[in-house]
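# Architecture at a glance
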Amino acid sequence: MRIGARRRSGPGWKRIAGAGRAVLALGGLAAYGVFAVPRVAPACGEAIVRTRDAFWHGGESADEALEEVRGKIYMDALKKIRQTIPPDAAYYLVPIEGEGAAFPVRFDLAPRRPILLQEVRPGSLPLPGAPRWVVLARVFGAGPEIVETREYFRRESGS
Amino acid sequence: MNAGSPLPPALGGIALFLLAGSGVLRFFPALRERPFFRRMAWAWLLGVAAVGIALFGASHLLHAPLDGRSAWAVFLGLALLRFVPQRTAANFESPRSRAALATRIVLLVAAALATLIVAGLLSNSVSEAVRDHDGPMTWDATARWIRAEKSVNAAVLREPHWYVSHPQYPLLLPLMQVATQEAFAASDDTRVIRPLYAVFLAAFLLVLYDVASRRAGRMAAALATLSAALVPFLSSNPKYGGAGTTYSDVPLGCFWGAGFLLLLEPGLRPSTGVAAGMLLGATVLTKSEGAPFALIALGIGVAVRLHRAHRRALPKARALVPLALAGLVTAASFLLLVSWNREIPNRFDEDYVTKLRTAPVVAMTLARLPEFPKAMWNSMTEEWAWAGFWWCVPIILLTGARALSRRAAWPLLLAPAAALGVFMIAYGITGWPGTELVRVTFSRFLLQMSIPLFVLIAMSLDVSIREMRP
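Rules used throughout
- Residues numbered from 1 in each chain as written.
- Chains lettered and ligands numbered in written order.
- Predicted model: local features only at pLDDT ≥ 70, side-chain atom pairs only at ≥ 80, totals over all residues.
- Heavy atoms only, no water.
- Disulfide = S-S within 2.5 Å.
- Contact = heavy atoms within 4.5 Å.
- Buried area = accessible area lost by both parts, 1.4 Å probe.
- Salt bridge = Lys/Arg side-chain N within 4 Å of Asp/Glu carboxyl O.
- Polar contact = N/O pair within 3.5 Å; in protein donor to acceptor, adjacent residues only side chain to side chain.
- Helix = DSSP H or I, 4+ residues; strand = E, 2+ residues; numbered from the N terminus.
- Nonpolar A, V, L, I, M, F, W, Y, C, P; charged D, E, K, R; others polar.
- Patch = residues over 30% accessible without salt bridge, like charges linked within 9 Å, V, L, I, M, F, W, Y side chains within 5 Å.
- Areas by Shrake-Rupley, 256 points an atom, 1.4 Å probe, with all protein chains shown as cover.
- Buried < 20%, exposed > 50% of the residue type's maximum accessible area, 1.4 Å probe, protein only.

## Quick word on the state of the cysteines
Here, disulfide denotes a covalent bond that connects the sulfur atoms of two cysteines. Summed over all chains, the structure comprises zero disulfides over all chains. Its sulfur unpaired, Cys392 of chain B is 18 Å from the next cysteine sulfur, which belongs to Cys44 of chain A.

## As for the interface of chain A and chain B
Taken together, the contact pairs 48 residues of chain A with 57 residues of chain B. Here chain A meets chain B over a buried area of about 4,400 Å², counting both sides, of which 69% is carbon and sulfur. Looking at the side of chain A facing chain B, the largest losses of area belong to Tyr32, Arg50 and Phe107 of chain A, adding up to 18% of the total buried there. For the pair chain A and chain B, the interface holds one salt bridge. Notably, a salt bridge pairs Arg21 of chain A with Glu467 of chain B, separated by 3.4 Å at the nearest N-O pair. At the surface where chain A touches chain B, the tally comes to 13 residue pairs in polar contact (both at pLDDT 80 or more). Broken down by secondary-structure element, the contributors of at least two residues to the side of chain A that touches chain B are α2 (11-56), α3 (62-70), β1 (90-94), α5 (99-109) and β2 (113-116) of chain A. When residues in the side of chain A that touches chain B are grouped by element, the largest group, 24 residues, is from α2 of chain A. In the side of chain A that touches chain B, the residues fall into 30 nonpolar, seven polar and eleven charged.

## Focus on a nonpolar patch on the surface
Residues and elements named next belong to chain B. Taken together, Trp72, Leu76, Leu80 and Phe83 make up a surface patch of nonpolar side chains, about 420 Å² in accessible area. Locating Trp72 in the fold gives a position in helix α4 (residues 68-80). The class for Trp72 is partly exposed, based on a relative accessible area of 31%.

Structure follows, in structure tokens:
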């Protein structure tokens, strides 16, 4: 038998191969540990805090819970709009802070039905049968604002 | 209990979906006989699928009103299926041989941590209003509109002058919301609907453990499941797409992953094919990309069954019966979606369907392709979302590469790769500038694909664990 053949088939090679597999296996498990172990404490801590907070906020109404997310100024403005526009009515929605602000306002007013109003041409008037109200969609600052459609068209069209 | 508390309708809704799903399970022995908690996970997915599909069909085709009576009729009708006489008694899976001490410790620790994380998410979901972006933009708003009009054929969707984003988006999850709210005459409080999405995390983890433990050892499956629970984007973030939000990516991941893995089971029964079809049908009715994903799952399922039949010299036609049934159920869901969609003028939407027909898809995708890998890797390495997960995954997979070379791994590699192709095309033809769409959506795409990926992680870990055993 050639010397090389003996080397490749001997028990030494098996030990080296076995050791190599063990190192690889250890590497895989170590990689898992590198991700998982540091995550355990923050994940558990967050879960405990969330459960505690759920008890603290347990008695809140839907509006109070929404106020935690949107802020008091927004909620006060939203309540006024909700009281003015009936749930089955339509309204114009103006995204004055961009679409990012329009979506939460639109959702908070649903199921009221919105028509997008992006610009008012000079001298134009609202069509017959147009919604009575315009909502200016703001999430920041003064929150959403409600204006009568005629008044809004007058303001924007300069008529 | 505080008047107007979200807890009773939220818990009631969860219970009703579980009961409906348990009724549906009566017809699927392979799932009916699984251990209790895993069985409940399958019941949840099948319950949401069955209730959603039933209400969608009843409202669109039969013009049944979406109200409390319809909701209760569907919930109870499905729940009572449990009592349909069975030809053979349930043959619950007998406990496997007693695990080694190390395995039992790992199982216990993983289960305890995952339970704590799910409990924290459920607590948060029932006490805090929706904070995310896409949910209120699309599905949650649509749910309020279809609930108010008591129909999926709502005028606000069909009439083009209403400002509705993505009006053609499928309605399974809005119907899940409406069914719960109508069954309990609940207000539009989002703390009633958020828990329904949080339960998908529990279903995700249990189904993952179930399918992974059948392909890798129990310890490896437990470790892979625990790693899923520890990924912040999946299990805790309340804003950008995981189970803490009302985005539909985690539900889609559950339906698609569970349906796909069912199709790969050895000894696939025709009834299991129907169950897989329901889950893939739910995939189609959850998000627009659900249809191509369901097709990928069915295509790979057919290839696997044909290959197995060829190896065992079995009749190919008979081997394909479960896949044919799965395909029929999925196709029925797709036809329902198309029939409903036809009446809705698309607007405020990227309209990929038109672009696929009219744009030079291949040229556009190839032109933008070089920009994708960097943008994708940037998403995968965001610390707040993934906490280094994707740095570790390649090492885990490479060190357990023997698992990846096994025949069982190939479909699990192929399916996410094919789905990635679907997303690449969307990234190529989108009107969004540069790689902005990748930045905003890629992490959520990873959630959609994650069940097969986590099973691969389990299989790789299993190789490493077995190597370390004395």
